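Residue strings, one per chain:
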Amino acid sequence: MSKLRIGTAGIPASTKPRSTANAVKRLAELGLRHMEIEFVRGVNMKEDTAQEIRALAEEHDISLTVHAPYYVNLNSAEPEKITASKERIIQAARAGAWAGAKSVTFHAAYYHADDPEDVYDRVKHHMEDMLERLDQEGIAIRLSPETTGGPTQFGTLEELVRLGVDVPGVYPCVDFSHLFARSLGQFNSYEDFAGALQLIRDSLGQQALREQHIHLSGIEYGPKGEKRHLPLKETELKYEDVLQALVDFDVAGWLICESPILEEDALILQGLYNQINNT
Ligand SMILES: [Zn+2]
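**A short note on the pairing of strand β12 (residues 253-257)**
Here comes step 1: In terms of residue burial, β12 counts as a mostly covered element, since 5 of its 5 residues are buried.
Here comes step 2: As defined by bridge partners, strand β9 (residues 212-215) adjoins β12 across 4 bridges and the pair is classed as parallel. Bridge assignment links His213 to a residue of β12, and that residue is Trp254.

**Let's talk about the coordination of the zinc ion**
Octahedral metal centres with six donors ideally show angles of 90 or 180 degrees, and tetrahedral centres with four donors ideally show 109.5 degrees.
Here comes step 1: Coordination of the zinc ion by the protein comes from His67 (NE2), His107 (NE2), Glu146 (OE) and Glu146 (OE), over a distance range of 2.2 to 2.6 Å.
Here comes step 2: We note that the donor set of the zinc ion lies within a single chain, spaced as H-x39-H-x38-E. Highlighted residues: His67 in strand β3 (residues 63-67) and His107 in the loop between β4 (103-106) and β5 (109-110), separated in sequence by 40 residues.
Here comes step 3: Judged by its relative accessible area of 1%, His67 is buried.

**Side note on the packing of aromatic side chains**
Two aromatic rings, taken as a pair, are described by how far apart their centres are and by the angle between their planes.
Here comes step 1: In total, this model carries 4 aromatic pairs according to the counting rule given.
Here comes step 2: Each ring, one from Tyr111 and one from Phe154, has its centre 6.2 Å from the other, and the planes form 70°; the classification is edge-to-face. One end of the pair, Tyr111, is in the loop between β5 and α4 (116-137); the other, Phe154, is in strand β7 (residues 153-154), and 43 residues separate them in sequence. Taken as a pair, Tyr111 and Phe154 share a single burial class, namely buried.
Here comes step 3: Members of the aromatic cluster, connected to one another through ring pairs, are Phe176, Phe187 and Phe193.
Here comes step 4: The ring of Tyr171 is capped by Arg142, whose NZ or CZ atom sits 3.6 Å from the centre of that ring.

Rules of the game
Residues numbered from 1 in each chain as written. Predicted model: local features only at pLDDT ≥ 70, side-chain atom pairs only at ≥ 80, totals over all residues. Heavy atoms only, no water. Buried < 20%, exposed > 50% of the residue type's maximum accessible area, 1.4 Å probe, protein only. Helix = DSSP H or I, 4+ residues; strand = E, 2+ residues; numbered from the N terminus. Pairing = 2+ DSSP bridges. Donors = N, O, S within 2.8 Å, 3.2 Å for Na, K, Ca; no water. Phe/Tyr/Trp six-rings, centres within 6.5 Å; stacked < 30°, edge-to-face > 60°. Lys NZ or Arg CZ within 6 Å of the ring centre and 35° of its normal.

The following block contains the structure:
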């Protein structure tokens, strides 16, 4: 059995009627093994629904992760916006934990005009604070800030790995498509992808790569980085080399496809991944 569980960002398009519970069953029918629950516009899942999803996911062997709302900025100049951001992440973590999800990802902050070093310190402080609150509530889930798609956003791989070193309980969610877009297409070789995984292994240990949260899909970039997600067949990102590096570094965990043709591309990635694994 392959190590990486591959699946969709949210409900597969072919799910009928459209609901998270039906999505779990649809993924199993498709032969996919993971779903990221998308709370990108707000956390609206009640505890009984989450527990129903948890039972279905266990029954169908579908693992789960969560994406917290987009409206998060741990470096806002307005304190109430920081408080609201942390609240959204904690709500997503709480609902995710009810559903049995192992990791919650989010885009942590914007730099604005601030020194990235100061932004790092602020984000680190808020991560520690959120972990303490989750711990007090008995919520066991990883906080996995995501590598971001543009240069105005906090979230280089180096920043997130450093957070992982400084704050136990934080792990980088590696969005390879964002790293490609952020670098304006420079980060696009097997050596680059392997280098990213090497950095995680050297800094956080092979253990981190055993439960690695990953995003991978086609993407288009402009002068400011990420523009939009694309189907795999339209992207310049060398996603086959990403998969090869993931196999070579023995990476396990969850790979989520955020392509506009969700399950079609997730199945392509799964097919390629299995092919690489068997050669
Ligand atoms: Zn994201």
